[in-house]
Amino acid sequence: MLATSTPDHPQPATASIVQHLIGAVNAAAFDINAVCSGFVYATTVAERLLRAADDGRYALVIGADIYSRILDYSDSKTAILFGDGAGAVLLGAVPEARGITETSLLSRGDQYRLISVPAGGSRMPANDRTLREGAHYFRMDGRGVRSFVQDNLPAALHELLERAGVERELVRHFVPHQANGVMLGEVWPELGLPRATMHLALEEYGNTGSASVPITLDVAHRRGEFADGETVLMAGFGGGMTVGAVLTRWAPTAFARPREQELTAVV
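A brief look at the structure comes next.

The rules we used
- Residues numbered from 1 in each chain as written.
- Predicted model: local features only at pLDDT ≥ 70, side-chain atom pairs only at ≥ 80, totals over all residues.
- Heavy atoms only, no water.
- Helix = DSSP H or I, 4+ residues; strand = E, 2+ residues; numbered from the N terminus.
- Contact = heavy atoms within 4.5 Å.
- Pairing = 2+ DSSP bridges.
- Buried < 20%, exposed > 50% of the residue type's maximum accessible area, 1.4 Å probe, protein only.
- Phe/Tyr/Trp six-rings, centres within 6.5 Å; stacked < 30°, edge-to-face > 60°.
- Patch = residues over 30% accessible without salt bridge, like charges linked within 9 Å, V, L, I, M, F, W, Y side chains within 5 Å.
- Areas by Shrake-Rupley, 256 points an atom, 1.4 Å probe, with all protein chains shown as cover.
- Salt bridge = Lys/Arg side-chain N within 4 Å of Asp/Glu carboxyl O.
- Core = buried A, V, L, I, M, F, W, Y, C linked by side-chain atoms within 4.5 Å.

**Brief notes about the side chain of Thr216**
- In this fold, Thr216 is placed in helix H8 (residues 212-222).
- Setting aside residues no more than four positions away along its own chain, Thr216 makes contact with Val175, Gln178, His199, Leu200 and Ala201.

Structural data, given as structure tokens:
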């Protein structure tokens, strides 16, 4: 499945095109649009489908966005933040006491106006007037988005950890949506994760929308940041307005660093 808010076409789903290009014959393929939370939403859906099937299948979860197509480059407040990118994970069976242990999804549709591309859909089809007014460009209320993240992200993560029965001290890695370095720096103390490292890749890639979490996850993974059994918390937040989080206990991989000592608690 493909998480994107910048699909190739209104129809068909871009996931169907990807399925064809990679030769995944007979695989179910569909898009998910939760804007910058999309990858976390798609990961949650894929994980639930795999658990329900329980037959050894795999799911390819992709986050991809091309914001350069929808940016108004006269708006320096947004144009300097975004980049284009794609990242993916392959979900499947892992050893016991590893893998995804809990997820959380939240939407606040009452604040949908904070982030939008007003024109180009069925409610406001593109025409000469919308083009003149720039209504087909990405728009964001930066101050409103910052308030939304500060009000909703910490509470969502705390609720997730409480539901999972995981103490905050056991979280070793935090992989957030790479929205804005200043914003992340402001909200980081409110998350209360004293032993966690917050992983960032925005200096190199910028805000790549639904791709930012898997890109950052890959960057940290290839650096050998994750050890077998460590607790990794991924979080997305974005238009809609949406918040999503995935809690996982890292499984052994080619790039995983050796575990220094046996963990005292199992997530």
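So that's the structure; there's more coming.
**Some remarks on the sheet that holds strand E11 (residues 242-249)**
- One open sheet accounts for five strands, arranged E5-E11-E10-E8-E9; its pairing is mixed. Two strands in the sheet have a free side with no partner beyond their single neighbour: strand E5 (99-107) and strand E9 (197-198).
- Sheet topology places E5 next to E11; eight bridges connect them, and they run antiparallel. Looking at E11, one finds that Leu105 is bridged to Gly244.

**Comments concerning unusual backbone geometry**
- Cis geometry is adopted by the peptide bond preceding Pro12, which originates at Gln11 and carries an omega value of -5°.
- A cis amide bond links Gly240 to the next residue, Met241, at an omega of -10°.
- The topology assignment puts Met241 in the loop between strand E10 (231-238) and E11.
- In this structure, Asn26 is a non-glycine residue whose phi angle is positive, near 75°.
- Assignment of secondary structure puts Asn26 in the loop between helix H1 (14-22) and strand E2 (31-32).
- Exposure remark for Asn26: the relative accessible area of 76% places this residue in the exposed category.

**Examining the packing of aromatic side chains**
- Evaluation of the coordinates by the stated rule reveals five aromatic pairs.
- Ring geometry for Phe226 versus Trp250: centroids 4.5 Å apart, planes at 50°, classification tilted. One end of the pair, Phe226, is in the loop between H8 and E10; the other, Trp250, is in the segment after E11, with 24 residues separating them in the sequence. Of the two residues, Phe226 and Trp250, neither departs from the other in class, the shared state being buried.

**Details of the pairing of E10**
- Most of E10 sits out of view: eight of its eight residues are buried.
- Neither face of E10 is open: one carries Thr231, Leu233, Ala235 and Phe237, the other Val232, Met234, Gly236 and Gly238, and all of them are buried.
- Looking at chain direction, E10 and E11 are connected through eight bridges and run antiparallel. Across the sheet, residue Phe237 finds its bridge partner in E11, namely Val243.

**A few points about a nonpolar patch on the surface**
- A grouping of Leu21, Ile22, Tyr58, Leu60 and Leu90 is seen on the molecular surface, where their side chains present a nonpolar patch of about 570 Å² in accessible area.
- Structurally, the position occupied by Leu60 is in strand E3 (residues 59-66).
- When its relative accessible area of 33% is taken as the criterion, Leu60 is described as partly exposed.

**Focus: the nonpolar core**
- Counting 36 residues, the largest nonpolar core has Leu153 and Leu233 as its most contacted members.
- Of all elements in the fold, only helix H5 (142-164), strand E8 (171-176), helix H6 (181-191), E10 and E11 reach the threshold of two or more residues within this core.
- The greatest single-element share of this core, amounting to eight residues, is contributed by H5.
- Leu153 has contacts with Phe148, Val187, Leu191, Ala235, Phe237 and Val243, leaving out every residue within four places of it along the chain.
- Counting 24 residues, the second-largest nonpolar core is a separate cluster that includes Met1, Val40, Ala59 and Leu91.

**Details of the environment of Ser122**
- Within the secondary structure, Ser122 sits in the loop between strand E6 (115-116) and helix H4 (128-133).
- A relative accessible area of 78% places Ser122 in the exposed class.
- Taking the C-alpha atoms as reference points, Ser122 and Glu203, 81 residues apart in sequence, are found 36 Å from one another.

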